[in-house]
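# Observations on the model geometry
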Amino acid sequence: MRHGFRRSHHHPSGIIDEVTNAGLESLARTAYEAHRGAHPESLPPWEETTEPEQQAWRAAVSAVAGQTGVTLADAAPIVTQSLQIQAGDQSRTFHAEFTAGRQGTLAITDEFASNQHARFQIAHGLWYVKDLGSTNGTWLNGRRIHAAQRVKKGDKIKIGHTVMIVMSA
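Because the structure is predicted, anything quoted here is derived from the model rather than measured.

The subject of this paragraph is the overall build of the protein. What the protein contains, in helices and strands, is two helices and eleven strands. Along the chain direction, N to C, the helices and strands of the protein fall in the order α-α-β-β-β-β-β-β-β-β-β-β-β. When the 169 residues of the protein are sorted by exposure, 37% land in the buried category.

Right, here's the structure in full:
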């Protein structure tokens, strides 16, 4: 059995006129990643979406901001550090909290991983990993973790028999 991430494909939606604004870009990315969290098996990360899809998300958050009377200045983006993880030849980048496991946002095809194995979360600009009561545990740099632990570039995280390397955090 090959361990790693499951690849998913998403087909582009319609084209919407381009909306450009750095704050709008950040809001669109945040909204998309939150939406993707509810559909872990079917949506690619923001960086792998088509330009028309990104334009659609920018237009949607712009419309919502306009409807609620919130200006882009009021909704100033919170700068968060992305987390890039690599397992084998697969690499994924995350900008918001996610779960890893056989049925996680980060889907791991490993019979020794639990369905919802570990949660990766950001606090005060730093990334942490926490085991979710998995059968085989979550391991950070060769040690089983029992509470949320900070992850940094170069760390090795083992879920089941799958070892992932933190490429950036």
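Within a sheet, adjacent strands bond to each other through the backbone by hydrogen bonds, running parallel or antiparallel. If you trace the six strands from one edge of the open sheet to the other, you get S2-S1-S11-S10-S7-S8, paired in antiparallel fashion. Each edge of the open sheet is held by one strand with a lone partner, namely strand S2 (90-94) and strand S8 (143-144). Taken together, the five bridges between strand S1 (residues 83-87) and S2 define a ladder with antiparallel strand orientation. Bridge pairing in S2 links Gln 86 to Ser 91.

This paragraph deals with the confidence of the model for the protein. Of all residues in the protein, 74% attain a pLDDT of 70 or more, and the chain-wide mean is 77. Contacts for the low-pLDDT stretch residues 6-20, under 50 throughout, to residues beyond four places or in other chains number 33 contacts. For the stretch residues 75-79, pLDDT sits under 50, and the model shows four contacts to residues farther than four places along the chain or on other chains.

Before going further, it helps to examine the pattern of salt bridges. Tallied over the entire structure, the rule returns one salt bridge. For the salt bridge of Glu 97 with Arg 119, the shortest nitrogen-to-oxygen distance reads 3.1 Å. Of this pair, Glu 97 sits in the loop between S2 and strand S3 (98-101) while Arg 119 sits in strand S5 (residues 118-123); the two residues are 22 residues apart in sequence, bridging distant segments of the chain. A relative accessible area of 49% places Glu 97 in the partly exposed class.

Strands sit in the order S4-S3-S5-S6-S9 across an open sheet of five strands; the sheet is mixed. Here the strands that pair on one side only, and so sit at the sheet edges, are strand S4 (106-107) and strand S9 (149-150). Two elements, S5 and strand S6 (residues 126-131), share six bridges in a ladder whose sense is antiparallel. Bridge pairing in S6 links Arg 119 to Lys 130.

What counts as what
Residues numbered from 1 in each chain as written. Predicted model: local features only at pLDDT ≥ 70, side-chain atom pairs only at ≥ 80, totals over all residues. Heavy atoms only, no water. Helix = DSSP H or I, 4+ residues; strand = E, 2+ residues; numbered from the N terminus. Buried < 20%, exposed > 50% of the residue type's maximum accessible area, 1.4 Å probe, protein only. Pairing = 2+ DSSP bridges. pLDDT = per-residue confidence, 0-100. Contact = heavy atoms within 4.5 Å. Salt bridge = Lys/Arg side-chain N within 4 Å of Asp/Glu carboxyl O.

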